[in-house]
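One-letter residues, chain by chain:
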Amino acid sequence: MADKLLVLVDGSYYIFRAYHALPKFTNKDNEPTGAIYGVISMLRKIKADYEPDYIAVVFDARGPTFRNDLYADYKANRPPMPEELASQIGPIHDAVRAMGLPLLMIDRVEADDVIGTLARQAEAKKIRTIISSGDKDLAQLVNDHIHMLNTMNSGMLDPEGVMEKYGVPPERIIDFLSLVGDSVDNIPGVPKVGAKTAAKWLKEYGSLDEIIRHADEFKGKVGQYLRDSIDQLKLSKKLVTLKCDVALDFNPEDLVPGPPDQDALRDQYQRWEFRSWLASLENPDAPEKMIAGTHFKNDSGNPANTVETLASNTTYECISTNKIWQGWLKKLQKAELFAFDTETTSLDYMQARLVGMSFAVDTNRAAYLPLQHDYEGAPEQLDMQEVLEQIKPLLENDQCPKVGHNLKYDRNILANHGITLRGCRHDTMLESYVLNSVASRHDMDTLAERYLGRTTIHYEDVAGKGAKQITFNKVRITEATDYAAEDAEIALRLHQHLWDKLEREPSLKALYEDIEIPLMPVLSDMERNGVAIDPDKLAKQSREITERMADIERGAHEIAGQSFNIGSPKQIQAILYDEMNLPVLAKTPTGQPSTAESVLQDLAVDYELPRLILDHRALSKLKSTYTDKLPKLINRETGRVHTSYHQAVAATGRLSSSDPNLQNIPVRTEDGRRIRQAFVAGKNCLLLAADYSQIELRIMAHLSKDKGLLAAFAEGADIHKQTAAEVFAVSPGKVTADQRRAAKAINFGLIYGMSPFGLAKQLAITRGEAKEYVDRYFDRYPGVRDFMDKTREEARERGYVETLFHRRLYLPEIKSRNAARRQYAERTAINAPMQGTAADIIKRAMIDAAGWMAESGVDAKLIMQVHDELVFEIPRNQVEECRKHIVSIMSSAAELAVPLIVDTGTGGNWEKAH
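Here the structure is a predicted model, which is why all the values come from computation and not from measurement.

So, how was this worked out
Residues numbered from 1 in each chain as written. Predicted model: local features only at pLDDT ≥ 70, side-chain atom pairs only at ≥ 80, totals over all residues. Heavy atoms only, no water. Helix = DSSP H or I, 4+ residues; strand = E, 2+ residues; numbered from the N terminus. Rg over C-alpha atoms; globule rule 2.2 N^0.38 Å. Contact = heavy atoms within 4.5 Å. Areas by Shrake-Rupley, 256 points an atom, 1.4 Å probe, with all protein chains shown as cover. Lys, Arg positive; Asp, Glu negative; His and termini not counted. Charge placed at Lys NZ, Arg CZ, Asp CG, Glu CD. Phe/Tyr/Trp six-rings, centres within 6.5 Å; stacked < 30°, edge-to-face > 60°. Buried < 20%, exposed > 50% of the residue type's maximum accessible area, 1.4 Å probe, protein only. Lys NZ or Arg CZ within 6 Å of the ring centre and 35° of its normal. Pairing = 2+ DSSP bridges. Axes fitted to C-alpha atoms, helices over the stretch in contact; angles between N-to-C directions. 1 Å grid on protein atoms, 1.4 Å probe; cavity = no way out; pocket = protein on both sides within 12 Å on 5 of 7 lines; lining within 4 Å. Points joined across faces, edges and corners; volume = space filled by probe spheres on them. Core = buried A, V, L, I, M, F, W, Y, C linked by side-chain atoms within 4.5 Å. Parallel < 35°, antiparallel > 145°, perpendicular 65-115°, else oblique. Nonpolar A, V, L, I, M, F, W, Y, C, P; charged D, E, K, R; others polar. Salt bridge = Lys/Arg side-chain N within 4 Å of Asp/Glu carboxyl O. Disulfide = S-S within 2.5 Å. Arc of directions from axis to C-beta. Polar contact = N/O pair within 3.5 Å; in protein donor to acceptor, adjacent residues only side chain to side chain. Left-handed = near helix turned anticlockwise from the far one by under 90°.

Visitor: Residues and numbers for the overall build of the protein, please.
Guide: In terms of regular secondary structure, the protein is built from 37 helices and 23 strands. Scaling as 2.2 N^0.38, a compact globule of 914 residues should have a C-alpha radius of gyration of about 29 Å, and the protein matches this with 31 Å. Across its three principal directions, the C-alpha atoms of the protein cover 105 × 85 × 55 Å. Sequence-distant contacts in the protein: of pairs separated by 6 or more residues, those separated by 24 or more amount to 68%. Taken as a whole, the protein presents about 40300 Å² of accessible surface, with 47% of it coming from carbon and sulfur. Within the protein, one finds 114 positive and 133 negative side-chain charges whose respective centroids are separated by 1 Å.

Below, the structure written as structure tokens:
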């Protein structure tokens, strides 16, 4: 059996089965969501269960196929797709793309034909294939290399399974289907011949051709039906035979899954109200063992949790007596490195309390120390306060190295109990992330399966699921021991495996040791510092936004001449296109006029109603995401909001945050800036915001070594005005505001891979004019073009690009035959070195700033990081001293060929400081 695995998902089958199998789910706007939920759920499961090397989700394209040419009545009996299903097709396609899964729709053929073609191509290359579908037509493909999985009933069909299910082997499925026919697809078969009769005939005669040859031998009415059907049986056979030679401009090895688009998924989950998925997306750095997963069962059907089953060479021990504890404490004190993990009552690090701790010194033995299990009948446990006093010196000793998985969470938990965790030498989540940020998720369960071939115990296995799920303090200690001790053991095993890989890559090892590991405690402190929020100001903004939204809605109803739900895409579609006859600029995959934001923005240039709808959407998002939500996130004990920063999410090395997501608070709109006014300084303090000026352009100048850019930055020139002067051939003093705006769009657009088409759209000019601007830019800055060309070529050769500090971003689609995916990878190759280097620089600055604050004894606190900006809370009488040191630290965080400029501002709130 081949090592590589291709999974081909019959997306059209998924859609119909999900729609018919699940209840009629809707969101708050009464939009149907059942099919969307079902398809995403099945795709998540198949990705998690099989982790395929290659995957594609294949859908039927709109319009006739070659089978309609053969038979005009093909599928003529099919009723129109229900409207509530049709409305979910576009969102399903969007979700597939957001999950990073290749989506295929090929004109003039069906999804089955594309699947058949790819499966046969994979077979020729000895790539194992799983087809995920319940469509019996696809059973004709099954052989030793191609199996068929029906996700709805979890059945996997190999050749024997096909024989058992249909009564005929895979090579006779075509004959079988020809005889039986298909009323849904309107394929004529032999009247009165069902599956049992067809299988019986084929078993007796061997093939359809032989059955036809012996048709005169069949007696009774069924024999007459057979003889009357001989001519149409030949047609039926053509209709049911998959076309396995579809001309495709890609091959199975191009179907590499890409990284999920986190922002797009977040928007999807929010709109369709998939709350549990949204929670896991918003908290990707929370202990991943708490996220749902599957675990094998023992013969009784219960979760298998015996030591022998889970780890044949590891003993798990419960520390139930002081004697056992003292033995382990001595062992930990002597260890050169030990694995450590906490079990708690909550994922919220500010609310969670310690339930127990687990340890491993080697991979032969791991232990769980229960401290606060309080279920009825729970055995007596060691006194937590005494235990913490005994282990505190060890945990706080920087010279006693520890390893764990997502140690930032454990550090925060221990801080709730007065312990500052030090000596965090290794974190397997960060080791995995530095080695390859896009290879997989970086949670422990995924890494254990990927690198160790281990299926770990999941939280649901010991605590239950859904509404009946219990917190860990209610889990029985016998079950908790296996679960918790395994965490420590797995962390140690993963470290041994991943560290070996890092040691073979000195540049990545340096990145890990010099940036990612030292940053972890800085982020932990920043999270715990939190930021003060003015709830009254936010409440006032919410009221004002509500009033403005009502005004906008009234105005929209006036223009439309009727009332409608301004938040309903379906009703908006009817108003704009059916009632007002606005031009259809784009359609959804189902052929419906689109109401996507980009389409409405284009329409808003000439029409008032689309502009009002966009304004209403923007205000609604601000209200639900910030002005209404932020006050609910204020911690009762601290009176502050404590976000979570995630180190191992963004592929480029950037930090992300959640609850709240500070990275996405709008800054370009007045309403967004007003939200920042509610982020306030504590008593007798001011906020100091320190922001790198045009850092990515400066990095471009450094990396490209373009003489024009280097000179402009060295002279301290207005880079956008300077670019405008070069592009439009005027002196800097004569550059107009529009020319500077165009130059700014070019400067930043090229970094993000913007094409002339994109530039034309942004500046509302013709594509020809935009291309002329870009050509002039490259004529004036030839080093930039050379750098981009060289970067693309190196990316193709190596499969990855690097930042200035050697962080790698792998680009699995850089050689894809699919032009759109290849071009996206090329744009990423250009942008990643800039964005990733900027992320590395600000991380270095955070580490150095935290070190200076600790050594100098100032009362300043680092409280927020947003892209290229750091926000500090500083006593008023120390602001100027701190400003000077912070600017010095940030501007010297990297040595570039151009100066690193840091802009600062201070104020009682974030907006004023920014």
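Visitor: An account of the packing of aromatic side chains is needed here, citing residue identities and associated values.
Guide: Evaluated as defined, the whole model comprises 20 aromatic pairs. Aromatic side chains F274 and W277 sit 5.3 Å apart centroid to centroid with 70° between the ring planes, which places their arrangement in the edge-to-face category. For the pair F274 and W277, a shared accessibility class is recorded, and that class is buried. These aromatic residues form a ring-pair network of at least three members: Y37, Y269, F274 and W277. A cation over an aromatic ring shows up here: K165 above the ring of Y166, its NZ or CZ 5.6 Å from the ring centre.

Visitor: Explain the sheet that holds strand β21 (residues 861–866) to me, using residue names and the numbers behind them.
Guide: In any sheet, the strands associate via hydrogen bonds between backbone groups, in a parallel or an antiparallel arrangement. As summarised here, the arrangement of the 4 strands in space is β21-β22-β18-β23, forming an open sheet in which the pairing is antiparallel. One side of each edge strand has no neighbouring strand; the edge strands of this open sheet are β21 and β23 (902–907). Neighbour-to-neighbour, the strand axes of this sheet turn through a mean angle of 20°, independent of strand direction.

Visitor: Summarise the sheet that holds strand β7 (residues 315–318); cite the residues concerned and give the values.
Guide: Spatial strand order, β7-β10-β9-β8-β11-β12: 6 strands in an open sheet with mixed pairing. Strand pairing shows two members of the sheet lacking a second neighbour, β7 and β12 (424–427), which therefore form its edges. Each adjacent strand pair in this sheet contributes to an overall mean axis angle of 25°, direction not counted. Sheet strands in contact with helix α18 (residues 428–435) are β11 (402–404) and β12, and its direction is about 55° off that of β12. Packing against the sheet, helix α21 (residues 477–503) makes contact with β7, β8 (338–344), β9 (354–362), β10 (365–370), β11 and β12, and its axis sits at approximately 45° to β9.

Visitor: An account of the layout of surface pockets is needed here, citing residue identities and associated values.
Guide: Estimated volume of the second largest pocket: approximately 1400 Å³. Taken together, 39 residues make up the lining of the second largest pocket; nearest its centre are F16, D60, K75, R78 and M81. Looking at the lining of the second largest pocket, the elements that each hand over two or more residues are α1 (11–21), α4 (83–98) and α5 (111–124). Per-element accounting of the lining of the second largest pocket gives the leading share, 5 residues, to α1.

Visitor: Describe unusual backbone geometry, listing the residues and the values that go with them.
Guide: For the bond from D659 to P660, the omega torsion is 0°, close enough to zero to count as cis. Note that P660 resides in the loop between β16 (656–658) and α27 (670–677). The backbone phi angle of N581 is positive, close to 55°, even though this residue is not glycine. With respect to the helices, strands and loops of the structure, N581 is situated in the loop between α24 (569–579) and α25 (597–604). We classify N581 as exposed; its relative accessible area is 59%. Its identity is not glycine, yet K705 carries a phi of approximately 55°, on the positive side. Tracing the backbone through its elements, the reader meets K705 in the loop between α28 (695–704) and α29 (707–714).

Visitor: Could you give an account of the nonpolar core, with specific residues and numbers?
Guide: Core analysis: the biggest nonpolar cluster contains 142 residues, and F679, Y692, Y777, I841, M846, M864 and F872 have the highest contact counts within it. Of the residues forming this core, the biggest block, 11 residues, is contributed by helix α35 (residues 819–856). Look past the residues within four positions of M846 in its chain and what remains in contact with it is L519, V522, L523, M526, L655, L862, Q865 and L870. Membership of the second largest hydrophobic core comes to 56 residues, among which are L6, L104, I187 and L242.

Visitor: Tell me about the pairing of strand β18 (residues 685–692), and please be specific about residues and values.
Guide: With 7 of 8 residues buried, β18 lies mostly within the body of the structure. Of the pairings in the sheet, the one linking β18 to β23 comprises 6 bridges and is antiparallel in character. Opposite D691, over in β23, you have D903 as the bridge partner.

Visitor: Help me get a handle on the environment of V246, residues and values and all.
Guide: In this fold, V246 is placed in the loop between α11 (230–240) and α12 (262–272). For V246, a relative accessible area of 7% corresponds to the buried category. For the pair formed by V246 and V114, sequence separation is 132 residues and the distance between their alpha carbons is 6.5 Å. The contact partners of V246, leaving out residues within four places of it in the chain, are I106, V109, D113, V114 and T117.

Visitor: Please provide a residue-by-residue account of the packing of α21 against helix α22 (residues 506–529), values included.
Guide: Direction vectors running N to C along α21 and α22 enclose 120°, while the axes themselves pass 6 Å from each other. Considered as vectors, α21 and α22 are oriented oblique to each other. Judged by residue contacts, W499, L502 and E503 of α21 engage P506, L508, K509, Y512 and E513 from α22. Of the residues in the contact of α21 with α22, the class split is 5 nonpolar, no polar and 3 charged.

Visitor: Run through the pattern of salt bridges, naming residues and quoting values.
Guide: One pass over the structure, following the stated rule, counts 52 salt bridges. A salt bridge links K237 to D175, with the nearest nitrogen and oxygen atoms 3.5 Å apart. Placement of the pair is K237 in helix α11 and D175 in helix α7 (residues 173–180), with a sequence separation of 62 residues. Taking the relative accessible area as the measure of exposure, K237 reaches 25% and is therefore partly exposed. Of the charged contacts in the structure, one is a salt bridge between D245 and K243, with a shortest N-O distance of 3.1 Å. Look at K243 and you get partly exposed, because its relative accessible area is 31%. In this structure, a network of salt bridges that share partners links the residues R454, E486, E489 and R493.

Visitor: Can you tell me about the pairing of strand β2 (residues 54–58), naming the residues and giving the values?
Guide: Where a strand is regular, its side chains alternate between the two sheet faces. Among the 5 residues in β2, 5 count as buried, and that is most of the element. Where burial is concerned, the two faces of β2 agree: the one with Y54, A56 and V58 and the one with I55 and V57 are both buried. Bridge analysis of strand β1 (residues 5–10) against β2 gives 5 bridges, and the strand direction is parallel. Residue pairing for β2: L6 is matched across the bridge by Y54. Inspection of the sheet shows β2 paired to strand β3 (residues 103–104) by 2 bridges, in the parallel sense. Each residue of the ladder has a partner; that of V57, found in β3, is L103.

Visitor: I'd like a rundown of the state of the cysteines, residues and numbers included.
Guide: The tally for this structure, following the rule as stated, stands at 0 disulfides. There is no disulfide at C424, and the cysteine sulfur nearest it, in C400, is 12 Å away. This cysteine, C685, is not joined by any disulfide, and C882 carries the nearest cysteine sulfur, 10 Å off.

Visitor: Break down α29 for me, with residues and values.
Guide: The α-helix winds at 3.6 residues per turn, so residues separated by three or four positions along the chain end up facing the same way. Those residues of α29 lying buried are L709, A712 and F713. The buried side chains of α29 occupy one side of the element, clustering within an arc of 95° when seen end-on. Residues K707 and A714 are exposed on α29 and point more than 90 degrees away from its buried face. Put simply, D706 is the residue that caps the front of α29, since its side-chain oxygen is 3.0 Å from the backbone nitrogen of G708.

Visitor: Run through the packing of helix α2 (residues 34–50) against α4, naming residues and quoting values.
Guide: Packing of α2 against α4 brings their axes to within 8 Å, and their N-to-C directions diverge by 30°. The angle between the axes of α2 and α4 places the two elements in the roughly parallel class. Relative to α4, the crossing made by α2 is right-handed. The residues of α4 that touch α2, namely those facing G34, A35, I36, V39, I40 and L43, are L85, Q88, P91, I92, A95 and V96. Of the residues assigned to the contact of α2 with α4, the class counts are 10 nonpolar, 2 polar and no charged.

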